[in-house]
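# Structural features, examined
Spelled out from the first residue to the last, the chains are:
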Amino acid sequence: MSQEKTAVSAANRTFYIETFGCQMNVHDSEKVIGTLEQQGYTRVEDEEAADLILYNTCSIRDKAEQKVFHRLNDYKKLHAQGKRFAVLGCVAQQEGEKIFERAPYVSLVSGSASYRKLPEMLVQLEQGASRITGLDDRQTEETFETEFTARSNRHRGYITIIEGCDKFCAYCVVPYTRGKERSRTSTSVLAEAQRMADAGYTEIQLLGQNVNSYRDAEGRKSFAELLAAVGEISGIQRVRFTTSHPRDFTRDIVEAIDAVPSLCDHVHLPVQSGSSRVLHLMQREYTREQYLEHISWIKAAKRPISMTTDMIMGFPGETPKDFEDTVTLAAEVQYDGIFAFKYSPRPNTPAITMADSIPEEEKSMRLQILLDRQREIQRINYARHVGQTLEVMVEGHNSARGQVIGRTSQNKTLNFTTRQPILPAPGSYLKVLVTKSLPNSLVGEAID
Ligand code: 5AD
Ligand code: SF4
């Protein structure tokens, strides 16, 4: 079927999309939305008003698949109204055709590694096909690129530089749900960044499950060089990147942050555990000492770089001593933020069959101890900013409190007041004097 005919048949069609999970999923949805709009669909904010309902799922933790099936049950009654359903994302890839068995009213199931085929899959949907699948698993070498990305924010936006993951950490479902690692060319990434700058974006966040494994197929740029090149585009004031894997973290990333002022002074470097023994069981391929060496590079940078991390509590076999190692590591690094999770067994992963599982109450207790200690660390870290003048990008307003919500280059929230009669617009940059600190945010006054 020709593109023209598709657009005609899809005209006046509406869609509603719900998204769960990480930034990669959020950005995938922006690309999916752009693809649908290009095919003639119109987005609506109410599922009752939609002809097509898309559900972009996450399966990183908990009983994600049960939650999805539970939600799909709600769709049963909507199906009676003639609506069609698509399940996308990590649960779609993980559960595959089982979704059709459990929810026969679903017409399309696709993992992220197949999104480049969405235009064809939408045509099949228009033609009335059922059980349409995009389940490429780990065969795909291609990336999903579109110039029609419907970004939800006009000032800062994501760019995917690498898809998939080849790391196979013992606890993690991502290598099974997002396919093989495949990088975009630096030419394509830089062209997208330039288009964003031309459209008025000032902040770009480069995305990948592991941005440090970025390999330019054209061989032109390393990850650090790409980062610097994006930061040098005229009009781009802030560049962030996530997520880094400590095994591949290289010193030239810190050197790039030193050399290019628009590269934000923040590194998110997930450690997962402070015990080398547990790191080995997790198949992370680095030790506590190696991780701390990377941290020492970051701490030696010319401007202070904020550090945050992810940690897992109660991985199978984690002893009280291993947990203590995690707590002491957090104290040694002095993170500005920790995303800590209780270990959750995931299908297909090596850890699911590992012995010595830790009781839920013990996991919760360890999590609480870690977070209590971390709160004190953050209280001290955030207090260091009092008296400093920091640049923020305005994100919005809290009218109830009469405050403007800003974000610093270090990715900290800075709520502030201004004496100007007109509140600064979202996306604008201002200098703010920090007057007070809390463990998770700063308070200040705009410098007029
Ligand atoms: N259980 C708990 N946390 C997990 N993460 C990934 N897989 C699991 C799991 N099975 C956490 C890791 C990762 C973050 C995105 O989610 O800390 O860095
Ligand atoms: Fe969730 Fe991981 Fe998939 Fe992101 S990649 S949506 S965090 S399972």
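The structure displayed is predicted, hence computed values, not measured ones. (Residues numbered from 1 in each chain as written. Chains lettered and ligands numbered in written order. Predicted model: local features only at pLDDT ≥ 70, side-chain atom pairs only at ≥ 80, totals over all residues. Heavy atoms only, no water.)

## Structural notes on the packing of aromatic side chains
A full pass over the atoms with the stated rule returns eleven aromatic pairs. Ring geometry for Phe 15 against Tyr 41: centres 6.5 Å apart, planes inclined by 75°, an arrangement best described as edge-to-face. Of this pair, Phe 15 sits in strand 1 (residues 14-19) while Tyr 41 sits in the loop between helix 2 (23-38) and strand 2 (42-43), and the two are 26 residues apart along the sequence. For Phe 15, a relative accessible area of 0% gives the class buried. Taking the relative accessible area as the measure of exposure, Tyr 41 reaches 5% and is therefore buried. Relative to Tyr 105, the ring of Phe 85 has its centre 6.0 Å away and its plane inclined at 80°; by these criteria the two rings are edge-to-face. Here Phe 85 is found in strand 4 (residues 84-88), whereas its partner Tyr 105 is found in the loop between helix 5 (98-102) and strand 5 (106-110), with 20 residues between them in sequence. The burial state of Phe 85 is the same as that of Tyr 105; both residues are buried. Geometry around Tyr 55 places Arg 71 over its ring, the cationic atom sitting 6.0 Å from the centre. (Phe/Tyr/Trp six-rings, centres within 6.5 Å; stacked < 30°, edge-to-face > 60°. Helix = DSSP H or I, 4+ residues; strand = E, 2+ residues; numbered from the N terminus. Buried < 20%, exposed > 50% of the residue type's maximum accessible area, 1.4 Å probe, protein only. Lys NZ or Arg CZ within 6 Å of the ring centre and 35° of its normal.)

## Re the pattern of salt bridges
Where charged atoms from two side chains of opposite charge come close, those side chains can pair. Applying the stated criterion across every chain yields a total of 34 salt bridges. The salt bridge partner of Glu 395 is Arg 156, with a shortest N-O separation of 2.8 Å. Of this pair, Glu 395 sits in strand 15 (residues 389-398) while Arg 156 is found in strand 7 (residues 156-160), placing the two residues 239 residues apart along the sequence. Under the relative-accessibility criterion, Glu 395 is labelled partly exposed at 28%. For the salt bridge of Asp 248 with Arg 247, the shortest nitrogen-to-oxygen distance reads 3.3 Å. Owing to a relative accessible area of 39%, Arg 247 belongs among the partly exposed residues under this scheme. Connected through shared salt-bridge partners, Glu 18, Glu 47, Arg 71 and Asp 74 make up one network. (Salt bridge = Lys/Arg side-chain N within 4 Å of Asp/Glu carboxyl O.)

## Considering the domain arrangement of the protein
Entries for the protein in the domain assignment read domain 1 (3-134) and domain 2 (389-446). A C-alpha centroid distance of 38 Å is found between domain 1 and domain 2. (Domains from an automatic or database assignment.)

## Observations concerning the sheet that holds strand 5
Strand order in this open sheet of six strands is 2-1-3-4-5-6, and the pairing throughout is parallel. One side of each edge strand has no neighbouring strand; the edge strands of this open sheet are strand 2 and strand 6 (132-134). Along the sheet, helix 2 contacts strand 1, strand 2, strand 3 (52-57) and strand 4; its crossing angle with strand 1, the most-contacted strand, is approximately 175°. Against the sheet, helix 6 (residues 118-126) contacts strand 3, strand 4, strand 5 and strand 6, and its axis sits at roughly 170° relative to strand 6. (Pairing = 2+ DSSP bridges. Contact = heavy atoms within 4.5 Å. Axes fitted to C-alpha atoms, helices over the stretch in contact; angles between N-to-C directions.)

## Remarks on the sheet that holds strand 10 (residues 203-207)
Pairing is parallel across the open sheet formed by three strands, whose spatial order is 7-10-11. This sheet does not close on itself; its edge strands, each paired only once, are strand 7 and strand 11 (238-242). Strand-to-strand twist in this sheet, taken as the mean axis angle between neighbours without regard to direction, amounts to 20°. With five bridges joining them, strand 7 and strand 10 adopt parallel strand pairing. When the bridges of strand 10 are listed, Thr 160 appears paired with Leu 207. Those strands touched by helix 8 (residues 186-198) are strand 7 and strand 10, and its axis lies near 165° from that of strand 7. Set on the sheet, helix 9 (residues 223-231) makes contact with strand 10 and strand 11; between it and strand 11 the angle comes to about 150°.

## Quick look at the nonpolar core
Counting residues in hydrophobic clusters, the biggest one holds 66 residues, and the most contacted among them are Leu 206 and Tyr 335. The residues touching Leu 206, leaving out its near neighbours within four places in the chain, are Ile 159, Ile 161, Val 189, Val 211, Phe 223, Leu 227, Val 230, Val 239, Arg 240, Phe 241 and Thr 242. Counting 21 residues, the second-largest nonpolar core is a separate cluster that includes Val 68, Leu 72, Tyr 75 and Val 109. (Core = buried A, V, L, I, M, F, W, Y, C linked by side-chain atoms within 4.5 Å.)

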